[in-house]
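Chain by chain, the residues:
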Amino acid sequence: MLIGPLLIGSALLLAACSGTPAPAPAPSAPAEQAPAEQVKTEPLTPQRLQSLWWSWTSSAEPGQSPVEDTTGQYCGDSQPFGVWLLASTSSGTADRHCQVPAALPIAGPAAAQVTKDQSGCTTFLAAAKGEATLDGKPVQLEKMEPTKITYETEQGSKEGFSCGLWFRAGPLSPGQHTLTLRGSSGSFTSEVNYNLTVVRL
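- By the naming in an unreviewed UniProt entry, the protein chain goes by Lipoprotein and is assigned to Kibdelosporangium phytohabitans.

In structure tokens:
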């Protein structure tokens, strides 16, 4: 119907003739937006950390896995937002040199496993041992119980149970730092010696 437009048009014409300014239209409500700070401060729960880490390691291009990396050349590839991840090895020892942003915390496992069912992860964790040293000083590892996660792989999304002994620290001060992560469970062993160059970006 035209009643609404006619009334509005008449009101505007009357205001123009009388010299009275027409009332300004009511401002529209602002669109709902999540502030950037809310994204930056999203808690790094054990579930989120393990989902990020397994996605990072499992979706790497063939030949560029951070877990198989022996020098650190791939440690900066495809890092997620808000944390700088460090990789263990699939077996044996690796010496890696990595450049790390000063603004980010760092995290990675001394020993970790993802399994299809909870019992497999429970068995792995029961036998898990590990240690971490940062700049020559021992750091307490965090024991993460079997946690259901969804993570990305080259073949798409997968679900599983993740667990392990995890290291978290930082953000680190700019400069040179050393970090060693050692872990084992049954026949699995891993040792990584990191030389970290922490820089302001």
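Next comes the rest of the description.
1. Some remarks on the overall build of the protein chain
- When its secondary structure is counted, the protein chain shows four helices and nine strands.
- Listed N to C, the secondary structure of the protein chain is α-α-α-β-β-β-α-β-β-β-β-β-β in terms of helices and strands.
- Counting the 201 residues in the protein chain, one finds 38% classified as buried.
- Of the roughly 11,800 Å² of accessible surface on the protein chain, 56% is carried by carbon and sulfur atoms.

2. Regarding helix α3 (residues 46-58)
- Taking 1.5 Å of rise per residue, 13 residues should cover 18 Å, and α3 covers 18 Å from first to last C-alpha, within 8% of that figure.
- Along α3, the residues that are buried comprise Arg 48, Leu 49, Gln 50, Ser 51, Trp 53, Trp 54, Ser 55, Trp 56 and Thr 57.
- In this fold, the buried residues of α3 make contact with β1 (84-85), β3 (106-115), β6 (142-153) and β7 (156-169).

3. Concerning the nonpolar core
- Formed by 44 residues in total, the largest nonpolar core has its most connected members in Trp 53, Leu 86, Ile 106, Phe 167, Leu 179, Tyr 194 and Leu 196.
- Contact partners of Leu 196, with chain neighbours within four places excluded, come to Leu 86, Cys 98, Val 100, Ile 106, Leu 172, Gly 175, Gln 176, His 177 and Leu 179.

4. Quick word on the environment of Thr 93
- Relative to the helices and strands, Thr 93 resides in strand β2 (residues 92-101).
- Leaving out residues up to four positions away in the same chain, Thr 93 has contacts with Glu 191 and Asn 193.

5. Thoughts on the sheet that holds strand β5 (residues 137-139)
- Read across the sheet, five strands follow the order β2-β9-β8-β4-β5 without closing on themselves; strand pairing throughout is mixed. Each edge of the open sheet is held by one strand with a lone partner, namely β2 and β5. Strand-to-strand twist across the sheet, computed as the mean angle between neighbouring axes with direction ignored, equals 25°.

6. Considering the confidence of the model for the protein chain
- In this model, the protein chain carries a mean pLDDT of 84, and residues with pLDDT of at least 70 account for 80%.
- Of all the helices and strands in the protein chain, helix α1 (residues 3-18) carries the lowest mean pLDDT, 41, while β1 carries the highest, 98.
- Low pLDDT, under 50, characterises residues 1-39; the stretch is placed with four contacts to residues that sit more than four places away or in other chains.

7. Some remarks on the side chain of Ser 88
- Positionally, Ser 88 belongs in the loop between β1 and β2.
- Under the relative-accessibility criterion, Ser 88 is labelled buried at 5%.
- Excluding its chain neighbours within four sequence positions, the residues that come into contact with Ser 88 are Trp 53, Pro 66, Val 67, Arg 96, Pro 109, Ala 110, Ser 190 and Val 192.

8. Description of the pattern of salt bridges
- Considering all chains together, one arrives at four salt bridges under this definition.
- In this structure, Glu 131 and Arg 182 form a salt bridge, with 3.0 Å as the shortest nitrogen-oxygen distance. Note that Glu 131 is positioned in strand β4 (residues 129-134) and Arg 182 in strand β8 (residues 175-185), a separation of 51 residues in sequence.
- According to the relative accessible area criterion, Glu 131 is partly exposed, its value standing at 41%.
- Here Glu 191 and Arg 182 are joined by a salt bridge, their closest N and O atoms 3.4 Å apart.
- Within the structure, one salt-bridge network assembled from shared partners comprises Glu 131, Arg 182 and Glu 191.

Thresholds applied
- Residues numbered from 1 in each chain as written.
- Predicted model: local features only at pLDDT ≥ 70, side-chain atom pairs only at ≥ 80, totals over all residues.
- Heavy atoms only, no water.
- Helix = DSSP H or I, 4+ residues; strand = E, 2+ residues; numbered from the N terminus.
- Buried < 20%, exposed > 50% of the residue type's maximum accessible area, 1.4 Å probe, protein only.
- Areas by Shrake-Rupley, 256 points an atom, 1.4 Å probe, with all protein chains shown as cover.
- Expected span 1.5 Å × (residues − 1).
- Contact = heavy atoms within 4.5 Å.
- Core = buried A, V, L, I, M, F, W, Y, C linked by side-chain atoms within 4.5 Å.
- Pairing = 2+ DSSP bridges.
- Axes fitted to C-alpha atoms, helices over the stretch in contact; angles between N-to-C directions.
- pLDDT = per-residue confidence, 0-100.
- Salt bridge = Lys/Arg side-chain N within 4 Å of Asp/Glu carboxyl O.

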